Amino acid sequence: MFTPDMLESIKKVEATRAERMGVEPRRMTAEEKDSLLKAFHPDYRADGFAEIQIGPNKGQKAPKELTGLLHSNSRLLQDKVDLSKVDYDVDVLVIGGGGAGSSAAIEAHEAGANVMMVTKLRIGDANTMMAEGGIQAADKENDSPVQHYLDAFGGGHFAARPELLRRLVMEAPDAIRWLNELGVMFDKDEDGRMVTTHGGGTSRKRMHACKDYSGAEIMRTLRDEVLNRKIPVVEFTSAVELIKDEKGQVAGAVLLNMETDDYLVARAKTVIIATGGAGRLHYQNFPTSNHYGATADGLVLGYRAGAPLLYQDTIQYHPTGVAYPSQIFGALVTEKVRSLGAMLINKDGEAFMHPLETRDVSAASIIRECSERGKGVDTPLGSGVWLDTPMIEMIGGEGTIEKRIPAMLRMYLNYGIDMRKQPILIYPTLHYQNGGLEIGGEGFTKTIPNLLVAGEAVGGIHGRNRLMGNSLLDIIVFGRNAGKAAAAKAKDVELGTMNLDHIYSYAEELKAAGIETEEVSPLLLPKYARHER
Amino acid sequence: MENMVNVYFFGKRYQVPADLTIMTAMEYAGYTLKRGCGCRHGFCGACATIYRIKGQNELKTCLACQTQVQEGMYVASIPFFPTDKRTYEINDLKADQRVMMELYPEIYSCIGCNACTNACTQNLNVMQYIAYAQRGELEKCAEESFDCIGCGCCSVRCPAGISHPLVGVLARRLTGKYIAPESEHLTNRVDEINKGAYDELIEQIMQKPITEMQELYNHRDIEK
Ligand SMILES: Cc1cc2nc3c(=O)[nH]c(=O)nc-3n(C[C@H](O)[C@H](O)[C@H](O)COP(=O)(O)OP(=O)(O)OC[C@H]3O[C@@H](n4cnc5c(N)ncnc54)[C@H](O)[C@@H]3O)c2cc1C
Ligand code: SF4
Ligand code: SF4
Ligand code: FES
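Residues numbered from 1 in each chain as written. Chains lettered and ligands numbered in written order. Predicted model: local features only at pLDDT ≥ 70, side-chain atom pairs only at ≥ 80, totals over all residues. Heavy atoms only, no water.

A.B. asks: Describe the site of ligand 3, listing the residues and the values that go with them.
C.D. replies: Taken together, Cys-110, Ile-111, Gly-112, Cys-113, Asn-114, Ala-115, Cys-116, Met-127, Cys-158, Pro-159, Ile-162 and His-164 of chain B make up all the residues around ligand 3. The residue makeup of the shell around ligand 3, split by class, is nine nonpolar, three polar and no charged. (Near = heavy atom within 4 Å. Nonpolar A, V, L, I, M, F, W, Y, C, P; charged D, E, K, R; others polar.)

See the structure below:
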């Protein structure tokens, strides 16, 4: 159901297809990439950022919307909660029911801890569920954790924290093994060899997948395991503030029942923040691939309690979000579409870049094509370039799309577009928060001894850009680690008296910085109802 | 003027732009969604919905986030359905026919009405995957149910009270764990790492100065 103008442009794409087949477009040089990023990547747009005025990262910049939330008030300044009435009392409190939180809960339970999970929506209503492409691990003969390290370090612009990246790559094969033993159905050949492909920025084929439902397959398996273990999962309940004690430890969290607006108190000897990303903050008005609850809550409540952020100013825009049709605007078109051979083509039928550059470079290049170069295809909500999906069937044989990327095929068929026969229109979408709360190699925040962070809420594992497949990996590696570490730590923690003093001193600091606002944070849910917008 | 249509949320009429999905139309109408909305992109199954077009007899099921509104649509969301999950210790199970008989015996009460398949929002052959489960053909059940997102629309319609998505999860876990062949290269690599085969190499690369890392990175060979 393309418009006539789009159909005209498709003809040009078709006209060049045969000669493009088998010719790999040139990769950009390091210098070309640098100047492209500076000119076109949204991270370099000064007006998208604002300076943080208070707290450990004072003086640094963050996306405007995030800074706004850091400069907002705690709900609990208005709504008083009686901390002496404890509703839950546990060793380990896991905040967030995605992949990181679930892995943590399973390992904490395995270690014998009394663990519970609270989550804003349902367990599994999370970015993890949506991951399509796959998960990296260096487990083939021609690959090694060292090679994986190099790819990730370079792809992240040499900014990853070495001790975190080390854990990521060294524990990757064991993460895959663990998932496999839980029953995750990885794509394998008859001999049991994992089917692995490239992702943007990989030097070896180490992307493991479960068709294009990789995250879903992992998430539903983890969820099933959490439920089998009878770990208490309190759904539709958000953490709105951490609770501390007079020793500077974290002592639990104040929870909000999203349906009844009741507050609850959870006391815990260790707390794991696994609240995921921030796509629903719509930085620079980008659409997003993220789930409904991705509003950076963990960053806000951790920061208010005194935990610093790292790389909060770097955001990943996935190069290929849906540009058309409008109903699925911003939804992700998995990178695997390019891994399988589809090229990026402008409105005149030209392959304007190598399809497997890193994400930031690809996104910037597409934005340049649609802006400065004027070679984008107009759409009702903006513009986009073509992803030449019929090439996949020509390269891999008929049926490849249905077999390898069924979710994509289905999503487009819903709107009368058959990607096997026609190319699709894409434009970058807000996808991933590279930065987050800073942790040390053992998973603990550096300022609060019994507070851990895992998953997308962490900053520093990937540096300033993340490669596809390293995030699903990090939620498993760091989720598992956090669960084990929290269970062990809980044995030594003696909690003092619970208090919320930090929210009052934070409010004082805001006032001292001259910031007065009616806004409250964390946001919890984006404001999409028409009267709230 | 935008093209508007009349839709009925829980029986009450709203005029909404015709190009919206059911989910965005509810928000346009003023709903602040809490239940019935998860991923917003067709992966989580939170937004199971049932509707009927005014004047037509057929009841349809769909995902609110993936379905465009239509004139005269009577919509009710099904934000929760009491499917019945059995708990088990996966390590104690065997991938044989008995496992389904023991954990989900109700699948043998299937009357073959095919309502589940008709209701499936992912166009899966649900009745077929239940049939595979009955016969203990776990791998086939796993394959056939692989794209299930657990929305529960099938279970809502099943006269036998079967919790289809949960049967699928069990079949897939058993297949992934017990039936799929072992990945030797994976086992080997985990052993090597545990024996410390990469400890020194990784220490070395961690210590290298950035300039050297840049050199290495920019000139690394890329597998074809
Ligand atoms: C569409 C899409 C495709 C992707 N594809 C890939 C891929 O192919 N490979 C890859 O490696 N990575 C991929 N990623 C990235 C990866 O999936 C995520 O970064 C990762 O799964 C995040 O896991 P998490 O557990 O940290 O967060 P999530 O899975 O998002 O879980 C966080 C949970 O915390 C809950 N929560 C949030 N705030 C609160 C609060 N205040 N109180 C309680 N609960 C709260 C959320 O609702 C959610 O359930 C993709 C991401 C998206 C969105
Ligand atoms: S089989 Fe899965 S996807 Fe299909 S209706 Fe049932 S729960 Fe939904
Ligand atoms: S709806 Fe229930 S009874 Fe009917 S075919 Fe499906 S599983 Fe069998
Ligand atoms: S909201 Fe997740 S499938 Fe619709």
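A.B. asks: Tell me about the packing of aromatic side chains, and name the residues and values.
C.D. replies: Using the criterion set out here, one finds 14 aromatic pairs over all chains in the structure. Ring geometry for Phe-158 of chain A and Tyr-217 of chain B: centres 5.8 Å apart, planes at 90°, overall edge-to-face. Residue Phe-158 of chain A is located in the loop between helix H6 (145–155) and helix H7 (162–170), and its partner Tyr-217 of chain B is located in helix H10 (residues 210–218); the two belong to separate chains. Here the two residues Phe-158 of chain A and Tyr-217 of chain B agree in accessibility, since each one is buried. Feature note: the residues Tyr-149, Phe-153 and Phe-158 of chain A together with Tyr-217 of chain B constitute an aromatic cluster, connected by ring pairs. One Lys or Arg, Arg-466 of chain A, reaches over the ring of Tyr-432 of chain A and ends 3.9 Å from the middle of that ring. Between the NZ or CZ atom of Lys-177 of chain B and the centre of the ring of Tyr-178 of chain B, over which it lies, the distance is 5.3 Å. (Phe/Tyr/Trp six-rings, centres within 6.5 Å; stacked < 30°, edge-to-face > 60°. Helix = DSSP H or I, 4+ residues; strand = E, 2+ residues; numbered from the N terminus. Buried < 20%, exposed > 50% of the residue type's maximum accessible area, 1.4 Å probe, protein only. Lys NZ or Arg CZ within 6 Å of the ring centre and 35° of its normal.)

A.B. asks: Tell me about the interface of chain A and chain B, residues and numbers included.
C.D. replies: Facing 96 residues of chain A, the contacting portion of chain B comprises 68 residues. Taken together, both faces of the contact between chain A and chain B bury some 7,100 Å²; the carbon and sulfur share is 56%. Here chain A is connected to chain B by 11 salt bridges. In this structure, Glu-259 of chain A engages Arg-35 of chain B in a salt bridge whose closest nitrogen and oxygen atoms are separated by 2.3 Å. Between chain A and chain B we count 45 residue pairs in polar contact (both at pLDDT 80 or more) in total. Mapped onto the side of chain A that touches chain B, the elements with two or more residues apiece are helix H5 (127–130), H6, H7, helix H8 (172–182), helix H9 (214–228) and helix H15 (406–413) of chain A. For the side of chain A that touches chain B, the element with the highest residue contribution is H6 of chain A, accounting for nine residues. Here the residues of the side of chain A that touches chain B are counted per class, giving 36 nonpolar, 24 polar and 36 charged. (Contact = heavy atoms within 4.5 Å. Buried area = accessible area lost by both parts, 1.4 Å probe. Salt bridge = Lys/Arg side-chain N within 4 Å of Asp/Glu carboxyl O. Polar contact = N/O pair within 3.5 Å; in protein donor to acceptor, adjacent residues only side chain to side chain.)

A.B. asks: Which residues make up the pattern of salt bridges, and what values go with them?
C.D. replies: In total, this model carries 56 salt bridges over all chains according to the counting rule given. For the salt bridge of Arg-161 of chain A with Glu-438 of chain A, the shortest nitrogen-to-oxygen distance reads 2.7 Å. In this pair, Arg-161 of chain A sits in the loop between H6 and H7 while Glu-438 of chain A sits in strand S19 (residues 436–438), placing the two residues 277 residues apart along the sequence. Take Arg-161 of chain A: its relative accessible area is 23%, and that puts it in the partly exposed class. Under the relative-accessibility criterion, Glu-438 of chain A is labelled buried at 13%. In this structure, the salt-bridge partner of Glu-143 of chain B is Lys-211 of chain A, at a minimum N-O distance of 3.1 Å.

A.B. asks: Tell me what's going on with the sheet that holds strand S8 (residues 207–208) of chain A, and back it up with residues and numbers.
C.D. replies: Pairing is antiparallel across the open sheet formed by three strands, whose spatial order is S6-S8-S7 (chain A). Here the strands that pair on one side only, and so sit at the sheet edges, are strand S6 (135–136) and strand S7 (196–197) of chain A. (Pairing = 2+ DSSP bridges.)

A.B. asks: Provide a residue-level description of the site of ligand 2, including the pertinent values.
C.D. replies: Residue and element names in this part refer to chain B. Cys-120, Cys-148, Cys-151, Gly-152 and Cys-154 are the nearest of the 13 residues found near ligand 2. Taken together, the elements giving at least two residues each to the shell around ligand 2 come down to helix H4 (126–134) and helix H6 (153–157). Here the shell around ligand 2 is composed, by residue class, of nine nonpolar, four polar and no charged.

A.B. asks: Requested: an account of the sheet that holds S19 of chain A, with residues and values cited.
C.D. replies: For sheets, the rule is that strands pair by backbone hydrogen bonds, running either parallel or antiparallel. Residue and element names in this part refer to chain A. Taken in spatial order, the three strands line up as S13-S19-S21 in an open sheet, and their pairing is mixed. The strands lining the two open edges of the sheet, one partner per strand, are strand S13 (309–310) and strand S21 (458–459). Where S19 meets S21, two bridges bridge the pair, whose relative direction is parallel. Paired with Glu-438 across the bridge in S21 is Gly-459. Against the sheet, helix H10 (residues 297–304) touches S13 and S19, its axis set at about 40° to S19. (Axes fitted to C-alpha atoms, helices over the stretch in contact; angles between N-to-C directions.)

A.B. asks: With reference to specific residues and values, describe the environment of Ala-133 of chain B.
C.D. replies: All names here are of chain B. Relative to the elements of secondary structure, Ala-133 occurs in helix H4. In this structure Ala-133 comes out as buried when scored by relative accessible area, which is 0%. Considering only alpha carbons, one finds Ala-133 and Lys-177, 44 residues apart in sequence, at a separation of 16 Å. Setting aside anything within four residues of it in sequence, one finds Ala-133 in contact with Met-100, Ile-107, Tyr-108, Cys-141 and Val-167.

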